[in-house]
Amino acid sequence: MTAHSDIVTIRNVTKSYRRGNQPVPVLEDISFAIQSGEFLALMGPSGSGKSTLLNLIAGIDKVDSGSITIGDCEITTLSETELARWRAVNVGFVFQFYNLIPVLTAYENVELPLLLTRLSRRERREHVETALEIVRLADRMDHRPSQLSGGQQQRVAIARAIVTDPAILVADEPTGDLDRVSAGEILSLMDHLVLDFHKTIIMVTHDPRAAEKAHVIRHLEKGLLTDG
Amino acid sequence: MFMVKYILRNAFRHKLRALLTITGVAIAILAFGLLRTLVGLWYLGVESSSSTRLVARNAISLVFSLPISYKERIRQIPGVTKVGAMNWFGGIYISEKNFFPNFAIEPQAFLDLYPEFLLSPEEQKGFLHDRQGAVVGRKLAAKQGWKLGDRVILKGTIFPGQWEFVIRGIYRGAQRSTDETQFFFNWDYLNETLRRTIARRADQAGIYIIGVSNPEKAAEVAVAIDTSFKNSLAETMTETEKAFQLSFVTMTEAIMIAIKIVSYVVIVIIMVVAANTMAMTARERISEYATLKTLGFQWYHIASAVFGESLFIATLGGIAGIMGTFPAAGVIEQELSQFFPSFQVTTTTILLQLSAAVLVGATASIFPTWRAATIRIADGLRRIG
Ligand SMILES: Nc1ncnc2c1ncn2[C@@H]1O[C@H](COP(=O)(O)OP(=O)(O)O)[C@@H](O)[C@H]1O
Ligand SMILES: [Mg+2]
């Protein structure tokens, strides 16, 4: 093991949702750490709480108890507004259905997270072009999402996720909606981001081929980690 | 200016829906504008009737007339400058549907007491010196195709017979609101004909139009007139022309209030319809708004996108409605000139229309804005996942 340190520390996290008056436990006492530069795959049956856990790590949902520390920030203590600011800088998001804004071009979609920074228009352009080159879509930047294939849309989404150069990328079934070839492209792209850009990737997946690419695989079952 | 771009593109995402909403708002704002104009005109009509003129009528009812001998007696009352006899004639030109108000009035009193009806000196002279002379409003003349010197026959209703007149003057209104659809003819012609035909109805004035030297003393003069005819055969009831007009329109006032209410109801209806559309739109975009929030956009970014879109659509509809109001008012003025001597859309009405449109947009977006701003990201994202 090299100089890798923990970038994510999860301690005794529980989370439940309410269905009517009945609390439904989703995550029960989860603790584990993720090292910087790790490519982690979270696997498990549908409904086991993978997305919920990913959302908690990414700061878009709140724990019931326990703590999550990312870098040197304990995000479980942040307010809604602070969390939004924190996410914009520290996390990149990739979703199963790409979640691009249909009325914006590829370029504009990738530019979105930069609009919340102090960068000038020119600096933004440089960042967006770089990100689009990394995903090899610089020639499609004026296309709307509807004019792109699923694989291309997901690559735009990845460009959007990396454009602010966050340390962590979270991906919720990024290949779930793609054919084998496109899925393969997305996975090698993520591999590339980990190897050459030293990103930490946390990916929820069903796909064994996707999990193969990961360095670490964790299994979640009924809200409990079944390994480690 | 990302938000502006985003709002504009969102607004036309569903072209048909946007078009229908804009059209709906436009029609509502148009209707609102026309109704307000109607109400405004009515009040203007009441406002613009002179308060320097008094009207004396039979105290029992307008149906009863006053002896012509009263004219001299009224003139002698201090504060009175001019007196003229006037009768509602109620003649019909060819057919009932050509209705326009027509009166018999003493020409000199007409010229002295109605400065708002503008006539050239030749026309004034022509009216004064022709027993059968008539003066008509410009709009009425245009509508019936009358020119100076034309002979016009009215069929009497209150005063039977065929009455022939010669157009001696075509008056213009001093103000845009002045009624240009009226017909005035020489009172002497009416009276002399009656003397020959129905003598018992001759030498009677329907009302007296009275000029006063000082408008502030008008009320006192009116009391003085009525006092001097107390306990006589025909007691008088004298009031300002404005009060006289109002006594006709008390019922119409209720109608005007109803129209006012309807104009607001129209706005409320379109508000509800627009609110439903905006709610539907925002519901469809919940996962998109959740995505933006995920990327770090704050609740107020999302709120301004929803609010801005609603405001933009409503304002666009409002502007379309306002632009439609002018031609619509033009058509009404043309086609219904006997009811609306002038159908002019005022600046106040336009501002009211614009405010109504903005209000529609703002109100319609309250609920969707709140929903979009407060949606929890995890819930919003689940909508598609
Ligand atoms: N916002 C929510 N409200 C209510 N229940 C939820 C919500 N999110 C997730 N759940 C429930 O929590 C459980 C885990 O969901 P999720 O984390 O999406 O599972 P996975 O991603 O592993 O399929 C499921 O039973 C799901 O119905
Ligand atoms: Mg899931």
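All of the points below concern the structure found in this document. The structure displayed is predicted, hence computed values, not measured ones.

Conventions and cut-offs
- Each chain has its residues counted from 1, running along the sequence as written.
- Lettering for chains starts from A, numbering for ligands starts from 1, and both go in the order in which the items are written.
- Per-residue local features are limited, in this predicted model, to residues with pLDDT of at least 70; the limit for side-chain atom pairs, both in listing and counting, is 80 or more; totals at the level of whole chains, interfaces and linings are taken over all residues.
- Here the side-chain values reflect all heavy atoms present in the structure, with hydrogen atoms and water set aside.
- Each helix is a run of H or I in the DSSP string that is no shorter than four residues. Each strand is a run of E no shorter than two, and both are numbered from the N terminus.
- By this rule, a helix spans an expected 1.5 Å times one less than how many residues it contains.
- Each residue gets one of three labels from its accessible area relative to the maximum for its type: buried under 20%, exposed over 50%, partly exposed in between, using a 1.4 Å probe on protein chains only.
- Contacts are assigned to residue pairs with any non-hydrogen atoms lying within 4.5 Å of each other.
- Centres within 6.5 Å are what make two rings of Phe, Tyr or Trp a pair, Trp counting through its six-membered ring; a difference in plane orientation under 30 degrees is then read as stacked, over 60 as edge-to-face, and the rest as tilted.
- Angles shown run from 0 to 180 degrees and are taken between the N-to-C directions of axes, each axis being a line fitted to C-alpha atoms and, for helices, limited to the stretch in contact.
- The labels follow the angle: roughly parallel below 35 degrees, roughly antiparallel above 145, roughly perpendicular from 65 to 115, and oblique for the rest.
- Left-handed describes a crossing in which the near helix is turned anticlockwise from the far one by less than a right angle; the clockwise case is right-handed.
- Gly is put with the polar residues, along with every residue not named as nonpolar or charged; the nonpolar set is Ala, Val, Leu, Ile, Met, Phe, Trp, Tyr, Cys and Pro, and the charged set is Asp, Glu, Lys and Arg.
- Throughout, near means a residue has at least one heavy atom within 4 Å of the molecule or strand.
- Pairs of N or O atoms within 3.5 Å make up the polar contacts considered here, provided that, within protein, one atom can donate a hydrogen while the other can accept it, and that residues adjacent in sequence are counted only when both atoms are side-chain atoms.
- Each accessible area is a Shrake-Rupley estimate made with a 1.4 Å probe; only the visible protein chains count as cover when residues are assessed.
- Every definition here rests on a 1 Å grid over the protein atoms only: cavities are sets of points where a 1.4 Å probe fits but cannot get out, pockets are open sets enclosed by protein on both sides within 12 Å along at least five of seven lines, and lining residues have some atom within 4 Å of a point.
- Placement in a cavity or pocket follows one criterion, namely that more than half of the molecule's atoms lie within 2 Å of its grid points.
- Grid points are joined across faces, edges and corners, and a volume is the space filled by probe spheres set on the points.
- Pairing between strands is defined by DSSP: at least two bridges between them are needed.
- To define a nonpolar core, start from buried Ala, Val, Leu, Ile, Met, Phe, Trp, Tyr and Cys residues and group those joined through side-chain atoms within 4.5 Å.
- Patch membership requires more than 30% relative accessible area and the absence of a salt bridge. Residues of like charge join within 9 Å; the nonpolar side chains Val, Leu, Ile, Met, Phe, Trp and Tyr join within 5 Å.
- Salt bridges are identified by distance alone: a Lys or Arg side-chain nitrogen within 4 Å of an Asp or Glu carboxyl oxygen.
- Accessible area, probed at 1.4 Å, shrinks when two parts are joined; the buried area is that loss added up over both.

**Details of helix α5 (residues 150-162) of chain A**
- Over its 13 residues, α5 of chain A runs 19 Å from end to end, which matches the ideal 18 Å to within 8%, given 1.5 Å per residue.
- Burial analysis of α5 of chain A places twelve of its 13 residues in the buried class, which makes it a mostly covered element.
- All of the buried residues along α5 of chain A are G151, Q152, Q153, Q154, R155, V156, A157, I158, A159, R160, A161 and I162 of chain A.
- Looking at the buried side of α5 of chain A, the elements it contacts are β6 (91-94), α3 (106-111), α4 (121-134), β7 (168-172) and α6 (180-197) of chain A together with α10 (286-294) of chain B.

**Focus on the packing of aromatic side chains**
Residues and elements named next belong to chain B.
- Taken as a whole and judged by the stated rule, the model has 34 aromatic pairs over all chains.
- Taken together, a centroid distance of 6.2 Å and an interplanar angle of 50° make the contact between F32 and Y264 tilted. Taken as a pair, F32 in helix α2 (residues 15-48) and Y264 in helix α9 (residues 241-284) lie far apart in primary sequence, 232 residues in all.
- Judged by relative accessible area, F32 falls into the buried class, the value being 2%.
- Both rings, one in F117 and one in Y171, keep their centres 4.4 Å apart while their planes meet at 45°; by these two values the pair is tilted. In this pair, F117 sits in strand β5 (residues 117-118) while Y171 sits in strand β8 (residues 162-173), placing the two residues 54 residues apart along the sequence.

**Concerning the packing of α5 of chain A against α6 of chain A**
All names here are of chain A.
- Here α5 crosses α6 at 20°, and the two axes come no closer than 9 Å. Classified by the angle their axes make, α5 and α6 are roughly parallel. Like other packed secondary-structure pairs, α5 and α6 cross with a definite hand, here right-handed. Only S182, E185, I186, L189 and L193 of α6 make contact with α5, whose side of the interface consists of G151, Q154, R155, I158 and I162.
- Class assignment of the residues belonging to the contact of α5 with α6 gives a composition of five nonpolar, three polar and two charged.

**Some details on unusual backbone geometry**
- Unusually for a residue other than glycine, D29 of chain A sits at a positive phi of about 50°.
- Inspection of the secondary structure puts D29 of chain A in strand β2 (residues 22-35).

**A look at the site of ligand 1**
- The immediate surroundings of ligand 1 are formed by 13 residues, with G47, K50, S51 and T52 of chain A together with D379 of chain B found nearest.
- Flanking ligand 1 are residues from chains A and B.
- Contacts to ligand 1 include G47 of chain A, whose backbone N or O atom sits 2.7 Å from an oxygen atom.
- Here a nitrogen atom of ligand 1 sits 2.7 Å away from a polar atom, N or O, in the side chain of D379 of chain B.
- Bound to the protein, ligand 1 loses 78% of the 550 Å² it would expose on its own.
- When atoms are counted within 2 Å of each cavity's grid points, the one that captures over half of ligand 1 is the second largest pocket.
- Taken together, the elements giving at least two residues each to the shell around ligand 1 come down to β1 (6-19) and α1 (50-58) of chain A together with α13 (377-382) of chain B.
- It is α1 of chain A that contributes the most residues to the shell around ligand 1, three residues altogether.
- Class assignment for the residues of the shell around ligand 1 results in three nonpolar, six polar and four charged.

**Here we look at empty space enclosed by the protein**
Residues and elements named next belong to chain B.
- Under the definition given, this model contains five cavities of 30 Å³ or more.
- If you add up the space inside the largest cavity, you get close to 100 Å³.
- Secondary structure elements with two or more residues in the lining of the largest cavity: α1 (2-11), α2, α9 and α11 (299-335).
- Looking at the lining of the largest cavity, its residues break down into four nonpolar, five polar and four charged.

**Quick word on the sheet that holds strand β5 (residues 73-74) of chain A**
Residues and elements named next belong to chain A.
- Sheet architecture is open: four strands sit in the order β2-β1-β4-β5, paired in antiparallel fashion. Bordering the open sheet on either side are β2 and β5, each of which pairs with just one other strand.
- Relative to strand β4 (residues 65-70), β1 is paired through five bridges, and the arrangement is antiparallel. Bridging across to β4, R11 finds its partner in S67.
- Relative to the sheet, α1 contacts β1, β2 and β4, its axis offset from that of β2 by approximately 60°.

**Section: the nonpolar core**
- W146, F183 and Y208 of chain B are the most contacted members of the largest nonpolar core, which totals 41 residues.
- Setting aside residues no more than four positions away along its own chain, W146 of chain B makes contact with Y93, F100, V136, L140, A141, V152, I167, I170 and F183 of chain B.
- Judged by nonpolar contacts, the second largest core, of 40 residues, contains Y98, L137, L187 and V194 of chain A.

**Quick word on a nonpolar patch on the surface**
All names here are of chain B.
- A cluster of nonpolar residues, I257, I261, V265, I269 and V273, forms a patch on the protein surface that exposes about 430 Å² of accessible area.
- Mapped onto the elements, I257 comes out in helix α9.
- Looking at I257, the relative accessible area reads 43%, which means it is partly exposed.

**Some thoughts on the interface of chain A and chain B**
- With 25 residues of chain A at the contact, the number on the chain B side is 22 residues.
- Of the roughly 2,100 Å² buried where chain A meets chain B, counting both sides, 65% is carbon and sulfur surface.
- At the junction of chain A with chain B, the criterion picks out three salt bridges.
- Where E108 of chain A meets R9 of chain B, a salt bridge forms, and the shortest distance between an N and an O atom there is 2.6 Å.
- Taken together, the links from chain A to chain B amount to eight residue pairs in polar contact (both at pLDDT 80 or more).
- Where the side of chain A that touches chain B is concerned, the elements lending two or more residues are β1 and α2 (80-90) of chain A.
- The dominant element in the side of chain A that touches chain B, judged by the number of residues it contributes, is α2 of chain A, at five residues.
- In terms of residue class, the side of chain A that touches chain B is built from 14 nonpolar, four polar and seven charged.

**Re the pattern of salt bridges**
Residues and elements named next belong to chain B.
- Following the criterion strictly, the structure yields 28 salt bridges over all chains and no others.
- Across the pair E333 and K139 runs a salt bridge whose closest N-O atoms are separated by 3.8 Å. Taken together, the residues span a long stretch of sequence, with E333 in helix α11 and K139 in helix α6 (residues 138-144) at a distance of 194 residues.
- You can call K139 partly exposed: its relative accessible area is 22%.
- Residue R195 pairs with D203 through a salt bridge whose shortest N-O separation is 2.8 Å.
- Judged by relative accessible area, R195 falls into the partly exposed class, the value being 47%.

**So, the pairing of β4 of chain A**
All names here are of chain A.
- Note that β4 and β5 share two bridges and pair antiparallel. Each bridged residue has a counterpart across the sheet, and for I70 the counterpart in β5 is C73.
- Taking the residues that link successive antiparallel strands as the turn, the β4-β5 hairpin has two residues, and the phi of G71 there is positive, at about 60°.

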